[in-house]
Amino acid sequence: MYLSLLVEVYSAMKWRLPQLFQRTESALWLNSELLVVDLELTGLDPNSHEIVSIAWVLIKNGRIELQQVQHKLNSDVKQLAQSPVYHGIGEHQLAQSGERLEQIIRALGAELASKSLVCHNASLDWGFLQKYMNQYGVNVTPVHIIDTLKIEKNKLLRSQTYLAQDQLTLAACRRRYGLPTYQNHNALSDALATAELLLAQVSHLDRQGVIKLRNLVC
Amino acid sequence: MTHSQSVSPVVDVLDFVTKQLPFSELPPSCAHFYVNHAKVVYITSLNQSELLASTDKYLYLIRSGVFDLVNTVGEVVTRLGEGDYFGYPSLLTGEEIKNHLEVQTSGLVFLLPQQDFDFLRREYQKFEQHFVRAHKKRLLSSHYQERGRAWPEHKVSALMGKSAVTIEPHARIVDAAKLMQKAGVSSVIVTEKGELSGIITDRDLRNRVLAAELAPSASVAQIMTPNPKFIFENNRAFSALHLMLKHNIHHLPVLNEERVPLGMVTSTDLLRQQKHDPVQLIGQIYKAHSHQEVIRLAMEIPALLRGFSNTVEDISFIGTLLSGLTDALMSRLTELFIQQAGEPPCSFCWICFGSQAREEQTLHSDQDNGLVFSNAILDHQRDYFARLGAYVSGHLISCGIKACPGGIMASNAQCRGTVDEWVLRYEQWVHTPTPQAMLNSKIFFDRRFIYGEQALYQSLNTGLRALQQQELFFAAMATDISTNSVPIGLFMQFKLEQDKHKHRYLDLKIRGVAIVNDLVRLYALKCGINKANTQMRLAALKDFGVLSKEDIYNLQDCWRFLTQLRFKIQIEAPDLPPNCINPEHLSSLERHQLKEAFHLIKQAQQACVFKFARGSL
């Protein structure tokens, strides 16, 4: 009984373990590499919905490297359903310029090794990624997982008690930092938008030079 | 779809970059390249030192936020916002970044590494031109800000000589005198427990000790001026001067914020500052009591200019300044002559020509001046002006302004005359445009009033106005201008001249500045503009249709650039002939700008010939 509880706790915390062990030597923000990932999905449930596209953007030494961006469409998608309303990607486009999901997940896995993962609402994206990484036997654990949504939520909760639902959307968060409004909503635009948001969030913390990555994990 | 090498750029960034100059005027591939090679940072006042103080150089493009570009002396050069670039001067010149940023509103900034910037420069000429022009503009605009602070704005601490010489109030007067002798000062600060309580000056020792027959063994407290006026180290020199004048005192103790005495500032310290101020020198010239004093003051000019050229950014201002000083010398010498020789028999005025009139004088410039007197003059009265001309010209030579080899000086009868006689001289040059007449026109049509009866100068101008509208004369001038070729070849390479020591050089004056001056003079005469200074003429030409706005701006830029370069080399490279330069010694940016300037002059030259000399060529 205790054992099963322990297993549950372990599995719940699995992805946070590396950071628990590395607590003493977390890298400085300015010296680290982070991969900002965004997924376009057909729905919110990893078990019944699919990944339409994945994009990632590299942050190295506090700078977003536009040379290193990737935007991949999944040619394996079976059921787009109503999702094109959100991401605007049609079946034709997927068939034409898409890649096999396994190929995409392996490429992402290779990029993610020894880096930290950044998402806006990480539990959703990481849930999907974990499912497929397991499926394809890609065994990569990010150094840290950083969630710009949670950073923003904690920041807001320090100054107000009640949060409206739409205060934490990517666009709303960006507006608070005076970041430009993006017209496009593909995975790549959103990944860059998330990366810029993280830069802005970090910049508003004190003493840039000594911020460690684990300070950003909530 | 091709494989990953060509990365799909982020559409939003591409949209933004494509809208910015110079990308908006370049093929999409250029913006594409930019987006695929840029980095993004978010700059706040807290992190800018970490993110910008990198040893790598970048072209910065602002996506959001507001930043002030601040120069080394803390003045805001310009405010930058969305779509503005910075960092390119250092990328173009290879020099260190001089300005720094002050963040007003935090925001996103794109960084393009030097190697990618250089790639775009090579690939796209318009890209290159955009930043070279922007840099030129930045340089020019920074020259117009008055940078060399006048001395009244200096802080008192900068003028204060030695550290504080202090004594306790109970000390003997004789000890105070010995202390002053040892320190070589004319005053001492009396302090009690480190705080200012009084001062003693040389004058106090005379008036309150010797004259009052007080024993030298008496205490300092008996003769000091208690609770003296003082000034803080951060106050301006002007405040110190004001305080001294107001209370008729010559010594001011200088204190820091904690009221600890730091030293003394004296009226002599302030006077020493004034001496280095050209404006003060002009003032002193106007007050000089004898021609000896005028000459003595004139002797200070070269040293003063050398010091001054370090503090002014726009060194072409030195030309204006030297002309101003020469004007002052001539005016004062004239007044001194009138004091000796009596009032003039009729109204007269001094005029000047050439570089003095254009306010382009250098230390090597020679005299170009003349006297105009009333048409009503009687023959026997002319002798007065002959003597005036000889007196002023002679003393100007003693002042260091050489005699004109061509004899264009009021000591020469050819350069004195009534209004009608002057008009007649001009008429000959205009009607019979011989080579000598053309040469004279170039000198005499740049003229300026200096001293005397201004109405005479006006009537001279009126007399010349009708005369100047001679098509044949303009055609001759245009032809003459076209014979002086710009030192640039068909493929934009420099055509160098060679002196007898085999030094290869370009003459910036004859082959650059002079051509611009000639062109602008011709257009100004055509439009009847009574100004001599080239920049003023260009500004005035904006109201006439003879030159497009763009042509005027281009000529203004060229003139400024060449003049600036010319003054710079006068200071830096003395081994070549005056006004000459070896382009090898220029930075690549300067070489580029120089070619561009020559190219623009060539175009203006061709346009001028086409406009004025169509028939005669």
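Identification of chain A as DNA polymerase III, epsilon subunit related 3'-5' exonuclease from Pseudoalteromonas luteoviolacea is taken from an unreviewed UniProt entry.

**Side note on the overall build of chain A**
When its secondary structure is counted, chain A shows nine helices and five strands. Each helix and strand of chain A, ordered N terminal to C terminal, gives the series α-α-β-β-β-α-α-α-β-α-β-α-α-α. Counting over 218 residues, chain A shows a buried share of 38%. Within chain A, contacts between residues at least 6 apart in sequence are counted, and of these 71% link residues at least 24 apart.

**Focus on helix 9 (residues 187-203) of chain A**
With 17 residues, helix 9 of chain A should cover 24 Å at 1.5 Å per step; its first-to-last C-alpha distance of 24 Å lies within 8% of that length. Judged by how many residues are buried, helix 9 of chain A sits mostly within the fold: 16 of 17 residues are covered.

**A word on the interface of chain A and chain B**
Each side of the interface is counted separately: chain A has 27 residues, and chain B has 27 residues. Only strand 3 (63-73) and helix 9 of chain A provide two or more residues apiece to the side of chain A that touches chain B. Among the residues making up the side of chain A that touches chain B, the classes are represented as 11 nonpolar, 12 polar and four charged. In the sheet, strand 3 of chain A pairs with strand 1 (residues 39-43) of chain B via two bridges, with the strands oriented antiparallel. Each bridged residue has a counterpart across the sheet, and for A:Ile64 the counterpart in strand 1 of chain B is B:Val40.

**Notes on helix 20 (residues 435-444) of chain B**
Here helix 20 of chain B has its buried residues at B:Ser441, B:Lys442 and B:Phe444. The elements touched by buried residues of helix 20 of chain B are strand 15 (348-353), helix 19 (419-431), strand 18 (447-452), helix 22 (471-483) and helix 23 (509-526) of chain B.

**A few points about the nonpolar core**
If you look at the biggest cluster of nonpolar residues, it comprises 94 residues, and the most contacted ones within it are B:Leu329, B:Cys349, B:Val372, B:Val516, B:Leu519 and B:Leu522. Of all the elements, helix 16 (residues 317-341) of chain B adds the most residues to this core, at 11 residues. Domain assignment of the residues forming this core places at least three in each of domain 3 (277-428 + 441-459) and domain 4 (475-612) of chain B. In this structure B:Leu522 touches B:Phe474, B:Met477, B:Ala478, B:Ile481, B:Cys608 and B:Phe612, once residues within four positions along its chain are discounted. Judged by nonpolar contacts, the second largest core, of 92 residues, contains A:Ile59, B:Val17, B:Val35 and B:Tyr88.

**Some remarks on the packing of helix 23 of chain B against helix 26 (residues 588-612) of chain B**
Residues and elements named next belong to chain B. At their nearest, the axes of helix 23 and helix 26 sit 10 Å apart, and the two run at 35° to each other. Read as a crossing pair, helix 23 and helix 26 show a hand that is left-handed. Where helix 23 abuts helix 26, its residues Gly 512, Ile 515, Val 516, Leu 519 and Leu 522 lie against Phe 598, Ile 601, Ala 604, Gln 605, Cys 608 and Phe 612. Residue composition of the contact of helix 23 with helix 26, grouped by class: nine nonpolar, two polar and no charged.

**Structural notes on the sheet that holds strand 4 (residues 76-80) of chain B**
Residues and elements named next belong to chain B. Taken together, the three strands give an open sheet; going across it, the order is 4-3-6, and neighbouring strands pair in antiparallel fashion. Since the sheet does not close on itself, it has two edges, and those belong to strand 4 and strand 6 (100-105), each with one partner. Each neighbouring strand pair of the sheet contributes to a mean axis angle of 25°, computed without reference to strand direction. Where strand 3 (residues 66-70) meets strand 6, five bridges bridge the pair, whose relative direction is antiparallel. By the bridge assignment for strand 6, Val 66 is matched with Thr 105.

**Regarding the sheet that holds strand 10 (residues 195-201) of chain B**
Residue and element names in this part refer to chain B. Reading across from one edge, 8-9-10-11 is the order of the four strands in this open sheet, with mixed pairing throughout. Of all strands in the sheet, those with a lone pairing partner are strand 8 (166-167) and strand 11 (225-226), marking the two edges. Two elements, strand 8 and strand 9 (residues 187-192), share two bridges in a ladder whose sense is parallel. The partner of Ile 167 across the bridge, within strand 9, is Val 190. Relative to strand 9, helix 8 (residues 173-183) is tilted by about 125°, and along the sheet it contacts strand 8, strand 9 and strand 10.

**Digging into the confidence of the model for chain B**
Detail in the predicted coordinates should be disregarded across regions flagged by low pLDDT. All names here are of chain B. Summary statistics for chain B give a mean pLDDT of 84 and a share of 89% for residues scoring 70 or more. Ignoring residues within four places in sequence, the model shows residues 1-6, a span with pLDDT below 50, making one contact including any to other chains. Here residues 142-148 is modelled with pLDDT under 50, and outside its nearest four sequence neighbours on either side it reaches 10 contacts, counting other chains as well. The ipTM value of the predicted complex is 0.78, and its pTM value is 0.47.

**Some details on the pairing of strand 1 (residues 33-41) of chain A**
Side-chain direction in a regular strand flips from residue to residue, so the side chains alternate between the two faces of the sheet. All names here are of chain A. Most of strand 1 is tucked away, with seven of its nine residues classed as buried. Direction of pairing for strand 1 relative to strand 2 (residues 51-60): antiparallel, over a ladder of nine bridges. Residue pairing in the sheet places Val 37 in a bridge with Trp 56 of strand 2.

Criteria and cut-off values
Residues numbered from 1 in each chain as written. Chains lettered and ligands numbered in written order. Predicted model: local features only at pLDDT ≥ 70, side-chain atom pairs only at ≥ 80, totals over all residues. Helix = DSSP H or I, 4+ residues; strand = E, 2+ residues; numbered from the N terminus. Buried ≥ 20, exposed ≤ 12 C-beta atoms within 10 Å, placed from the backbone. Contact = placed C-beta atoms within 7 Å. Expected span 1.5 Å × (residues − 1). Nonpolar A, V, L, I, M, F, W, Y, C, P; charged D, E, K, R; others polar. Pairing = 2+ DSSP bridges. Core = buried A, V, L, I, M, F, W, Y, C linked by C-beta atoms within 7 Å. Domains from an automatic or database assignment. Axes fitted to C-alpha atoms, helices over the stretch in contact; angles between N-to-C directions. Left-handed = near helix turned anticlockwise from the far one by under 90°. pLDDT = per-residue confidence, 0-100.

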